[in-house]
There are 2 protein chains.
Amino acid sequence: MAVDRRKLIVEAAAQSFALFGYKATTMDQVAKLANVGKGTIYTFFSNKEELFDEIMNLLIREIKQVADAEYDADRTFFDNLNRILHRILDFREKHQLAVKLAHEVRDMGTPKAIEGLNKLEEAIIGYIQAKIQIAIDKRELKPCDPKITAFVMLKLYLALASEWQHSHEALAKEKIAELFKLYLLDGLTMA
Amino acid sequence: MAVDRRKLIVEAAAQSFALFGYKATTMDQVAKLANVGKGTIYTFFSNKEELFDEIMNLLIREIKQVADAEYDADRTFFDNLNRILHRILDFREKHQLAVKLAHEVRDMGTPKAIEGLNKLEEAIIGYIQAKIQIAIDKRELKPCDPKITAFVMLKLYLALASEWQHSHEALAKEKIAELFKLYLLDGLTMA
DNA sequence: AACTGACTGTATTTCATTTTCGGTCAATTA
DNA sequence: TAATTGACCGAAAATGAAATACAGTCAGTT
């Protein structure tokens, strides 16, 4: 059986984007890594952007798998949510491609890298949104706009898990879970 | 009475930083605007950074005044908080200096501009923190870490008032207040 | 028919030169 | 003689022209 050139290209591209980011990945580079003529890439992907989109979609699928692996219908919504958010952010900050793109956005503001990470964030929000809808249907949560709620939950989690430590001691995973529950689920008003 | 050169310098600097940002404000520029020899600036401020700090402190004091003007001890904590956050963010996005610095951070990442805005954010959090402490003492809020809570409140408000509209229709001020109450005060769990 | 890599025009990088700017201090002013 | 000034300094940044690198093409090869 002949080699699957498309697969070679995708693997080479994934490696290169993760190692060098969007801008510093060249089509010549990918072609060489994949042992393929540059023209061959253009028979599968019409340009660099499309190739990058393919890689980002793979990353998003990977993250969904990680999240699904953590989900357990027997647990409470809150328990699942906390575990999933923790796993997703942990995965993201360990995954070479996500880290590299974040640096690229910070250091150079590469538009395509910004777009890629936005798409990733949207995917995460979409995922959480679905879980929230289920929880609302099960009367586990008050009725609320699932999209805004998912957005707020991710932002709150990011604020506690990531932004807080920019100027303070990092919060432990359990502390974050506790705060998350206090602020968003129980609320701050006296009983 | 002789002219108050320090005051002239501070006024010129405030104008220049607001008009051109940190980087594009030159000491020669400030001296000329203030009708003062450049050396004179250095008898009051030991360098550009200190002059900038003075201007930032003035801005912070101004914001505190705006917030205090909105505060009314007779209203509920939540009502006050919403009004204050709205006024502060509104003030900030209308104040030339704050806007200019935000652009400078976005476009060029000027370290001193980043530092200045961080200081401003810290001041806002400190202000809210004090109000939260009062509310806790009055048994209007559950006991909680006032600093983290202030941080979370600001972040949530910013997420709803500013970040949300990056990819969606902006939320009305009243809608934001309603969501703010739902998420942080009442909580999402069913009664 | 599938694949290749030399080729092309544009975009980016490089680098030597010029200009700008924060900060100093000897001269000047009041 | 204390306060004020602006010419001056070295370091840093802007400039621009020449060199290089790149995405995408396509005539030629397998």
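Residues numbered from 1 in each chain as written. Chains lettered and ligands numbered in written order. Predicted model: local features only at pLDDT ≥ 70, side-chain atom pairs only at ≥ 80, totals over all residues. Heavy atoms only, no water.

Chain A appears in an unreviewed UniProt entry as TetR/AcrR family transcriptional regulator from Cohnella terricola.

J.: When you look at the packing of helix α1 (residues 5-20) of chain B against helix α4 (residues 48-70) of chain B in this model, what are you seeing that I'm missing?
T.: Angle between the axes and distance between the axes are the two parameters that describe a pair of packed helices. All names here are of chain B. Axis separation between α1 and α4 bottoms out at 10 Å; the angle between their running directions is 80°. Classified by the angle between their axes, α1 and α4 sit roughly perpendicular to one another. The segment α1 lies against α4, with Arg6, Ile9, Val10, Ala13, Ala14 and Phe17 engaging Lys48, Leu51, Phe52, Glu54, Ile55 and Leu58. Looking at the contact of α1 with α4, its residues break down into 9 nonpolar, no polar and 3 charged. (Axes fitted to C-alpha atoms, helices over the stretch in contact; angles between N-to-C directions. Helix = DSSP H or I, 4+ residues; strand = E, 2+ residues; numbered from the N terminus. Parallel < 35°, antiparallel > 145°, perpendicular 65-115°, else oblique. Contact = heavy atoms within 4.5 Å. Nonpolar A, V, L, I, M, F, W, Y, C, P; charged D, E, K, R; others polar.)

J.: Before we go on, may I ask you to explain the protein's contact with DNA strand D in this structure?
T.: Among the 15 residues in the neighbourhood of DNA strand D, the closest are listed as Met27, Lys38 and Lys48 of chain A together with Gly37 and Thr40 of chain B. Restricting attention to atoms of DNA strand D within 4 Å of the protein, one finds that 67% of them are sugar or phosphate atoms. Arg5 of chain B has a polar side-chain atom sitting 3.2 Å from a phosphate oxygen of DNA strand D. Contributing elements (two or more residues each) for the surface near DNA strand D: α3 (38-44) of chain A together with α3 (38-44) of chain B. Of the residues belonging to the surface near DNA strand D, the class tally is 3 nonpolar, 7 polar and 5 charged. (Near = heavy atom within 4 Å. Polar contact = N/O pair within 3.5 Å; in protein donor to acceptor, adjacent residues only side chain to side chain.)

J.: Explanation requested: the packing of aromatic side chains in the structure shown.
T.: Pairs of aromatic rings are described using the distance from one ring centre to the other and the angle between the two planes. For the coordinates displayed, the defined rule picks out 12 aromatic pairs over all chains. Every member of this aromatic cluster is reached through a ring pair, and the members are Phe17, Tyr22 and Phe52 of chain A. Geometry around Tyr22 of chain B places Lys48 of chain B over its ring, the cationic atom sitting 4.4 Å from the centre. Between Lys131 of chain B and the ring centre of Tyr71 of chain B, over which it is positioned, the NZ or CZ distance is 3.9 Å. (Phe/Tyr/Trp six-rings, centres within 6.5 Å; stacked < 30°, edge-to-face > 60°. Lys NZ or Arg CZ within 6 Å of the ring centre and 35° of its normal.)

J.: What is the right way to read the relation of the copies chain A and chain B from this model?
T.: Between chain A and chain B, the superposition needs a rotation of 179° and an axial shift of 0.0 Å, giving an RMSD of 0.1 Å. Accordingly, the operation relating the two chain copies is best matched by a two-fold axis. Distance from the rotation axis, computed per C-alpha, reaches its smallest value in chain A at Gly187 of chain A: 2.0 Å. Residue by residue, 100% of the interface of chain A is reproduced at the interface of chain B, so both copies engage with the same surface. (Least-squares fit on C-alpha atoms with pLDDT ≥ 70 in both.)

J.: Looking at this structure, I do not really get helix α7 (residues 111-137) of chain B. What am I missing?
T.: Note on helix geometry: an α-helix contains 3.6 residues per turn, so any two residues three or four positions apart are oriented the same way. With 27 residues, α7 of chain B extends 39 Å between its outermost C-alpha atoms, agreeing within 8% with the 39 Å of an ideal straight helix rising 1.5 Å per residue. Note on α7 of chain B: the residue one or two positions beyond its end, Arg139 of chain B, has a positive phi of about 60°. (Expected span 1.5 Å × (residues − 1).)

J.: What am I meant to see in the side chain of Lys131 of chain B here?
T.: Residue and element names in this part refer to chain B. For Lys131, the position within the fold is in helix α7. Asp68 is the oppositely charged side chain nearest to the buried, salt-bridge-free Lys131, at an N-O distance of 4.3 Å. Setting aside its immediate chain neighbours within four residues, Lys131 contacts Asp68, Tyr71 and Phe77. (Buried < 20%, exposed > 50% of the residue type's maximum accessible area, 1.4 Å probe, protein only. Lys, Arg positive; Asp, Glu negative; His and termini not counted. Salt bridge = Lys/Arg side-chain N within 4 Å of Asp/Glu carboxyl O.)

J.: Explanation requested: the protein's contact with DNA strand C in the structure shown.
T.: In the vicinity of DNA strand C, 14 residues are found, and the nearest of them are Arg5 and Thr40 of chain A together with Met27, Lys38 and Lys48 of chain B. Here the atoms of DNA strand C within 4 Å of the protein split so that 67% fall in sugar or phosphate, with bases taking the remainder. Between a phosphate oxygen of DNA strand C and a side-chain N or O atom of Arg5 of chain A, the distance comes to 2.5 Å. Here Lys38 of chain A contributes a backbone N or O atom positioned 3.5 Å from a base nitrogen of DNA strand C. Of all the elements in the fold, those that place two or more residues in the surface near DNA strand C are α3 of chain A together with α3 of chain B. Here the surface near DNA strand C gets 3 residues from one element, more than from any other, and that element is α3 of chain A. Of the residues belonging to the surface near DNA strand C, the class tally is 3 nonpolar, 6 polar and 5 charged.

J.: Please clarify how the interface of chain A and chain B should be interpreted in this entry.
T.: Much of the literature gives interface size as the accessible area that the parts lose upon coming together. Across the contact, 30 residues belong to chain A and 30 residues belong to chain B. Approximately 3,000 Å² of surface area, both sides summed, lies buried where chain A meets chain B, with 71% of it carried by carbon and sulfur atoms. It is Lys142, Tyr183 and Leu188 of chain A that lose the most area in chain A upon contact with chain B, and together they represent 23% of the buried surface on that side. Glu163 of chain B serves as the salt-bridge partner of Lys155 of chain A, at 2.8 Å between the closest nitrogen and oxygen. On the surface where chain A and chain B come into contact, there are 14 residue pairs in polar contact (both at pLDDT 80 or more). Elements with a minimum of two residues in the side of chain A that touches chain B: α8 (146-163) and α9 (173-186) of chain A. For the side of chain A that touches chain B, the leading source of residues is α8 of chain A, giving 11 residues. (Buried area = accessible area lost by both parts, 1.4 Å probe.)

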